[in-house]
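Observations on the model geometry
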Amino acid sequence: MGASHCHIRWRVTNMASTKWHPDGTVLKQLQPPPRGPREMDFYTQVFGEGCSDPLLLALRPHLPTFYGTWSSPDTPNDLYLKLEDVTRRFSRPCIMDVKVGRRSYDPLALLEKREQQIAKYPLMEEIGFLLLGMRVYQPSHDCYVRHDQLFGRSLVKDTLTGGLARFFHDGVKLRKQTIHLCIRKVQNILRWFESQKQFHFYASSLLFVYEGASGVHAAAEPNNNNHHHHHHPPQDFSRMGTPTKNSCGRGGCAGDLPESLQNGAQTHSSPLNLGQSNGNGETEMEEEEEEREEDSGGWSGDEGTEGHVEVRMIDFAHVFPSQSPDEGYTHGLMNLLSTLEKILQD
């Protein structure tokens, strides 16, 4: 969610297939053929050392960086994609996974698969995107609020804007500048799609990440293997299911949202406790705060800067060569932009 990647759609029910490398990158296990080889071929084509195609070079900033493949000496047949962890530099990453395109099935899908995908969210063909999940940090309660795929599929035309707005609300205020920055990045991706006829993307997503903390909490050292416990990879959302109750200890996280964001859609949410004990008598949060006091350097997380947000494309197991514009994906991007702009207007 990578993410997405522990990359913007890491799946809680499939965490065994996703690992963190000691260098901070994410290891995403290759899916069975043809999906896995197709995704690997796409990454290899875009990030190949000999790549000189201006179109592919222009696409690179919109993807998590690909560092090749990796396998363990103990299990050499289990191949992993080695990818940038898009959430790594954030202290309290707010993460959202949005599937983009009018169709979530590719041209090779059987009729049964097509009907199944359409039935999951009939509105997809009309609006061109589906909210797969989000987790939003609320500083006032020091906890995360999470909405899963059931919440996203419960959204209809009248509740879509309010549902998406939840991602940008910190429990006290709407982060309008963050929305502006996300709009700018999505516009850049749209411009790339309007310039290309080389690929069609199906069942691919956008990973949105922004810094939920502020001040000293946002002076983040890179997340590493020892500190990723509450930085669930973005791809967890798509198969998350209805989350279990998990109190943040302060109560009322979801209830702090304005009434306009609470009505109109079935809610499947729960706050996530950041202060879970690590078994050493201290919470993870307390340990991280001590480390940040020792190292106050790093990225500041200022909401008004470009570095405050990331928007990356993820999930490429269903990318096909083409000789025509990807109208399905472009349609979804345009409607997503309209919805983001409507949040600001409302």
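Residues numbered from 1 in each chain as written. Predicted model: local features only at pLDDT ≥ 70, side-chain atom pairs only at ≥ 80, totals over all residues. Heavy atoms only, no water.

Just so we agree on the cut-off: UniProt positions are given in the numbering used here, feature names are shortened, and annotations may be inferred rather than shown by experiment.
As recorded in an unreviewed UniProt entry, the protein goes by Kinase and comes from Clupea harengus. In its Sequence similarities (unreviewed entry) section, the UniProt entry covering the protein states "Belongs to the inositol phosphokinase (IPK) family."

**Observations concerning the pattern of salt bridges**
The cut-off we apply is this: The term salt bridge refers to a side-chain nitrogen of Lys or Arg lying within 4 Å of a carboxyl oxygen of Asp or Glu. A run of H or I in DSSP becomes a helix once it reaches four residues, and a run of E becomes a strand once it reaches two; helices and strands are each numbered from the N terminus. Under the scheme applied here, a residue whose accessible area is under 20% of the maximum for its type counts as buried, over 50% as exposed, and between as partly exposed, the area being computed with a 1.4 Å probe on protein chains only.
In the structure shown here, the tally under the stated rule is 11 salt bridges. Linking Lys82 and Asp23 is a salt bridge whose minimum nitrogen-to-oxygen distance equals 2.5 Å. Residue Lys82 is found in strand β4 (residues 75-83), and its partner Asp23 is found in the loop between β1 (18-20) and β2 (26-29); the two are separated by 59 residues along the sequence. Classification of Asp23 as partly exposed rests on a relative accessible area of 40%. In this structure, the salt-bridge partner of Glu126 is Lys157, at a minimum N-O distance of 2.3 Å. In this pair, Glu126 is assigned in helix α4 (residues 124-127) and Lys157 in helix α6 (residues 157-165), connecting sequence segments 31 residues apart.

**Thoughts on the sheet that holds β1**
Convention followed: Pairing between two strands is assigned when DSSP locates at least 2 bridges connecting them. Each axis is a line fitted through C-alpha atoms, taken for helices only over the stretch in contact, and angles between the N-to-C directions span 0 to 180 degrees. Should any heavy atoms of two residues lie within 4.5 Å, those residues are considered in contact.
Strand order in the open sheet formed by four strands is β1-β2-β4-β3, and the pairing between neighbours is antiparallel. Bordering the open sheet on either side are β1 and β3 (66-72), each of which pairs with just one other strand. On average, adjacent strands in this sheet sit at an angle of 30 degrees to one another, irrespective of strand direction. Pairing of β2 with β4 involves four bridges; the strand directions are antiparallel. Bridge pairing links Val26 to Leu83 in β4. Of the strands in this sheet, β2, β3 and β4 touch helix α1 (residues 35-47), which is tilted by about 50 degrees from β4.

**Examining the pairing of strand β5 (residues 93-100)**
In terms of burial, β5 is largely enclosed, as eight of its eight residues are buried. Residues Pro93, Ile95, Asp97 and Lys99 point to one face of β5 and Cys94, Met96, Val98 and Val100 to the other, with burial holding for every one of them. The pairing of β5 with strand β6 (residues 129-138) spans six bridges and is classified as antiparallel. Residue Ile95 lies in a different strand from β6, and its bridge partner there is Arg135.

**Brief notes about α6**
Judged by how many residues are buried, α6 sits mostly within the fold: seven of nine residues are covered. If you check which residues of α6 are buried, you get Thr159, Leu160, Thr161, Gly162, Gly163, Leu164 and Ala165.

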